[in-house]
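# Structural description and commentary
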Amino acid sequence: APVKTFGLYVNIEVPIEVYVEGINDSLLEVTTNNGIIIKQGQVYKIKTKKIGSTIITVSQNGEEIAKRYFSAINLPKPAPKLGNFTGKDISKNDLLAISGLWAEMPNYCDFYSAYIVSFCIIIYQNGNVMKLKSESSRFTEEQTNYIKKLSSGQVIYFEDINQLTFVPDQDE
C-alpha cells in the first residue's frame, strides 16, 4: 500500500509497503503494469506513467503471490488563497494585512507542498488598467501602494498565478 499518501500520482515517485508473511522481502519480485518499481533499502517506490488502472504484482521465483489494484491520478492542482477569506469581498485593510497569496493543496494531498512563484493584480483606476506583477507570493511595494489607493467597492483581480508543487523526499 502507498505510504504517507492516499494514492498513486502520475510521474511522482510514491513509496509503497510490500510485506508477505513468512517470506524475506529480498526474495520478492514486485512489478507493475503502469510504470516502474524500484527498491531502495527496505522501501519500494513506484512511479506510474499514465492515469488509470495500476496493478502491483508480488511474485517469488516467478510464481504470483499477490496482486493489488490501484488507480493512478494526476496530482491535483493547488488552489491560490488569500488568507482564510473564501468569498469575493475583502476589506482593503485585511488584504494589506495578508501581504500576498499562498497555495493550498487539497486535504488528502497534505504531504505535498505548493508555492506561489508569481502573480499579477489588475486594478482599474481612473479609466486606466493597471497590471502589476509580483515575482513571489508577496505583494510588491508598487502593488501595496496601489491597493492602499483603492476606493470602497473597487475591484481588484488576480491573474497569471504561477505555482510550483513540491514533492518532498519521501525518505524523510
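Basis of the calculations
- Residues numbered from 1 in each chain as written.
- Predicted model: local features only at pLDDT ≥ 70, side-chain atom pairs only at ≥ 80, totals over all residues.
- Heavy atoms only, no water.
- Pairing = 2+ DSSP bridges.
- Helix = DSSP H or I, 4+ residues; strand = E, 2+ residues; numbered from the N terminus.
- Axes fitted to C-alpha atoms, helices over the stretch in contact; angles between N-to-C directions.
- Buried < 20%, exposed > 50% of the residue type's maximum accessible area, 1.4 Å probe, protein only.
- Phe/Tyr/Trp six-rings, centres within 6.5 Å; stacked < 30°, edge-to-face > 60°.
- Lys NZ or Arg CZ within 6 Å of the ring centre and 35° of its normal.
- Polar contact = N/O pair within 3.5 Å; in protein donor to acceptor, adjacent residues only side chain to side chain.
- Contact = heavy atoms within 4.5 Å.

### Regarding the sheet that holds strand β2 (residues 14-16)
- Pairing is antiparallel in the open sheet, where 3 strands are placed in the order β2-β5-β4. Where the open sheet ends on each side, the last strands, each with one partner, are β2 and β4 (36-40). Here the strands of the sheet are splayed against their neighbours by 35° on average, with no regard to which way each runs.
- Inspection of the sheet shows β4 paired to strand β5 (residues 43-47) by 5 bridges, in the antiparallel sense. Following the sheet pairing, K39 is matched in β5 by Y44.

### Description of unusual backbone geometry
- Here the phi dihedral of N61 falls at roughly 50°; this positive angle occurs in a residue that is not glycine.
- Judged by its relative accessible area of 69%, N61 falls in the exposed class.
- Within the chain, S99 stands out as a residue other than glycine whose phi angle is a positive 70°.
- Among the secondary structure elements, S99 is positioned in the loop between α1 (92-98) and β9 (102-104).

### Examining the packing of aromatic side chains
- Evaluated as defined, the whole model comprises 4 aromatic pairs.
- Note on F119 and F158: the rings are 6.1 Å apart at their centroids and 35° apart in plane angle, and the pair reads as tilted. Remark: F158 occurs in strand β12 (residues 156-166) and F119 occurs in strand β10 (residues 113-125); sequence separation between them is 39 residues.
- Assessed through its relative accessible area of 0%, F119 is described here as buried.
- The class for F158 is partly exposed, based on a relative accessible area of 24%.
- Ring geometry for Y124 and Y157: centres 6.0 Å apart, planes at 85°, overall edge-to-face. With Y124 in strand β10 and Y157 in strand β12, this residue pair connects regions lying 33 residues apart in the sequence.
- You can call Y124 partly exposed: its relative accessible area is 48%.
- Exposure remark for Y157: the relative accessible area of 43% places this residue in the partly exposed category.
- Above the face of the Y146 ring, K149 is positioned so that its terminal group lies 5.1 Å from the ring centre.

### Quick look at the environment of T48
- Note on placement: T48 falls in the loop between β5 and β6 (52-60).
- In this structure the side chain of T48 is engaged in a polar contact, spanning 3.3 Å, whose partner is the backbone oxygen of Y9.

### Some words on the side chain of S118
- Checked against the element boundaries, S118 lands in strand β10.
- By relative accessible area, S118 is classed as buried at 5%.
- Those residues in contact with S118, other than ones at most four positions away along the chain, are K133, S134, E135, S136, D160, I161 and N162.

### Comments concerning the environment of N74
- Assignment of secondary structure puts N74 in the loop between β7 (63-73) and β8 (79-81).
- In this structure N74 touches Y9, V10 and I51, once residues within four positions along its chain are discounted.

### Digging into the sheet that holds strand β3 (residues 29-32)
- Pairing in this open sheet of 4 strands is mixed, and the strands run β1-β7-β6-β3 from one edge to the other. With partners counted over all chains shown, the strands left at the sheet margins are β1 (8-9) and β3, one partner each.
- Where β3 and β6 come together, 4 bridges link them in antiparallel fashion. What sits directly across from T31, in β6, is T57.

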